[in-house]
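# Inside the fold
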Amino acid sequence: MAINYKIPEYDVLRDPQRCIACRVCERQCANEVHAFDPESGTMRSDESKCVNCHRCVTLCPTHALKIVKNPDTFRLSAYWKQSDIGEIYAQADTGGMLLSSMGNPKPYPIYWDKMLINASQVTNPSIDPLREPMETRTFLGKKPGRIERNADGSIKTAGLPPQLKLEVPILFSAMSYGSISYNAHASLARAARELGTYYNTGEGGLHEDFYEYGPNTIVQVASGRFGVHPDYLKTGAAIEIKIGQGAKPGIGGHLPGAKITDAVSRTRMIPKGTDAISPAPHHDIYSIEDLRQLVFSLKEATEYQKPVIVKIAAVHNVAAIASGIAAQRRGYHCH
Ligand code: SF4
Ligand code: SF4
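These notes cover the structure that comes with them. (Residues numbered from 1 in each chain as written. Chains lettered and ligands numbered in written order. Predicted model: local features only at pLDDT ≥ 70, side-chain atom pairs only at ≥ 80, totals over all residues. Heavy atoms only, no water.)

### What to know about the site of ligand 1
Put simply, the test is: For this purpose, a residue is taken to be near a molecule or strand whenever a single non-hydrogen atom of the residue falls within 4 Å of it. Note on residue classes: Ala, Val, Leu, Ile, Met, Phe, Trp, Tyr, Cys and Pro are nonpolar, Asp, Glu, Lys and Arg are charged, and everything else, Gly too, is polar.
Close to ligand 1 lie 13 residues, the nearest being Cys19, Cys22, Arg23, Cys25 and Cys60. Partitioning the shell around ligand 1 into residue classes produces ten nonpolar, one polar and two charged.

Structure follows, in structure tokens:
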């Protein structure tokens, strides 16, 4: 049994009166929790490996097993809960990060109909929201240092760097075509147009059918450079250079060859059936100056008509990276 400081989450209770040492549980448990002790002729358990799948409980012929929540606890406080301390011990023990995709392991609402946009921090709150609707329109892009007005008092907007106009302050996260389906991309594109916001191609290029949604599309340039060509860049409303992403900071991507169908291969500009490997870093960006060069190239390619966004993950030194990007007078977006 491994020695560590993590309290097993579950207890494996075996009724010695019922257990006939048939070893079914030993054979069925994928996590090697059960083992037969030949000296005593009885079964032993290493509950630290149990994930409470209940397979052994179901298959035990004499109903000798129960899996129960382990009542043992750390010393808890209002700030430190059992799960927080347990995760720290697990990370210290394994050296690994707890990474999960598709949803939030905490009990937070995850449905769109429960999303609350509290606009009181971005504009004056309305006194009577029923008669005085709140403005959620948002513009993204570099703004001048001071407001200048025309002779009639209206604000001068001519000559501003390119801006993105959002009717709601929400952008769709990037998911590439190939990692998600044609229909999923079609849904995102249509929803973005309907809602007056933007969806993001991710790193897989833009299927020819979706060029018509260009005014609501952010086209991504990622480390694999899949599907990046002048028409792609010019079609999008903005270009996003993906350095990192919150879902898997510091990690590249791998789309298996089996998912590279005719249409995906054409869109990504790679041979059909080949693995699409995105390196973790951009192999032409190793400094802020290199990044500046890529921003410059993309602006040249699109004749300075498109905002260029740099997406970075919220890592510990995010402030230094973001200020390095902003210092070059470019837009940045922290995800
Ligand atoms: S399956 Fe049940 S009876 Fe068989 S060894 Fe395991 S606990 Fe004992
Ligand atoms: S509940 Fe699942 S993981 Fe736990 S001991 Fe039984 S078979 Fe193994």
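Structure shown, so let's carry the discussion forward.
### Comments concerning the site of ligand 2
Around ligand 2, the structure places Cys29, Asn31, Val33, His34, Cys50, Val51, Asn52, Cys53, His54, Arg55, Cys56 and Ile67. Residue composition of the shell around ligand 2, by class: seven nonpolar, four polar and one charged.

### A closer look at the nonpolar core
Rules: Definition of nonpolar core: a set of buried residues of the types Ala, Val, Leu, Ile, Met, Phe, Trp, Tyr and Cys, connected through side-chain atoms within 4.5 Å. Type-normalised accessible area, obtained with a 1.4 Å probe on protein chains alone, sets the label of each residue: buried when under 20%, exposed when over 50%, and partly exposed for intermediate values. Numbered from the N terminus, helices here are DSSP runs of H or I no shorter than four residues, and strands are runs of E no shorter than two. In this description, contact between two residues means that some pair of their heavy atoms is separated by no more than 4.5 Å.
If you look at the biggest cluster of nonpolar residues, it comprises 24 residues, and the most contacted ones within it are Tyr199, Ile241, Leu291, Leu298 and Val310. Residue assignment for this core shows that the elements contributing at least two residues are α4 (182–195), β8 (217–221), α5 (230–235), β9 (238–242), α7 (288–301), β12 (308–312) and α8 (318–326). The greatest single-element share of this core, amounting to four residues, is contributed by α7. Once residues within four sequence positions are removed from consideration, Leu298 is found in contact with Val221, Leu233, Ile239, Ile241 and Val308. If you look at the next biggest cluster of nonpolar residues, it comprises twelve residues, including Val12, Cys25, Cys56 and Cys60.

### Overview of the pattern of salt bridges
Stated precisely, the cut-off is as follows: By definition, a salt bridge exists where a carboxyl oxygen of Asp or Glu is found within 4 Å of a side-chain nitrogen of Lys or Arg.
Tallying each qualifying case throughout the model produces 15 salt bridges. For Lys311, the salt bridge goes to Glu240, with nearest N and O atoms at 3.9 Å. One end of the pair, Lys311, is in strand β12; the other, Glu240, is in strand β9, with 71 residues separating them in the sequence. With a relative accessible area of 3%, Glu240 lands in the buried category. In this structure, Asp262 and Lys272 form a salt bridge, with 3.6 Å as the shortest nitrogen-oxygen distance. Within this pair, whereas Asp262 is found in helix α6 (residues 262–268), its partner Lys272 is found in the loop between α6 and β11 (276–278), the two being separated by ten residues in sequence. Owing to a relative accessible area of 54%, Lys272 belongs among the exposed residues under this scheme. Via salt bridges that share partners, Arg137, Lys165 and Glu167 belong to a single interconnected network.

Fair warning: the whole summary comes from geometry, so function is off the table for now.
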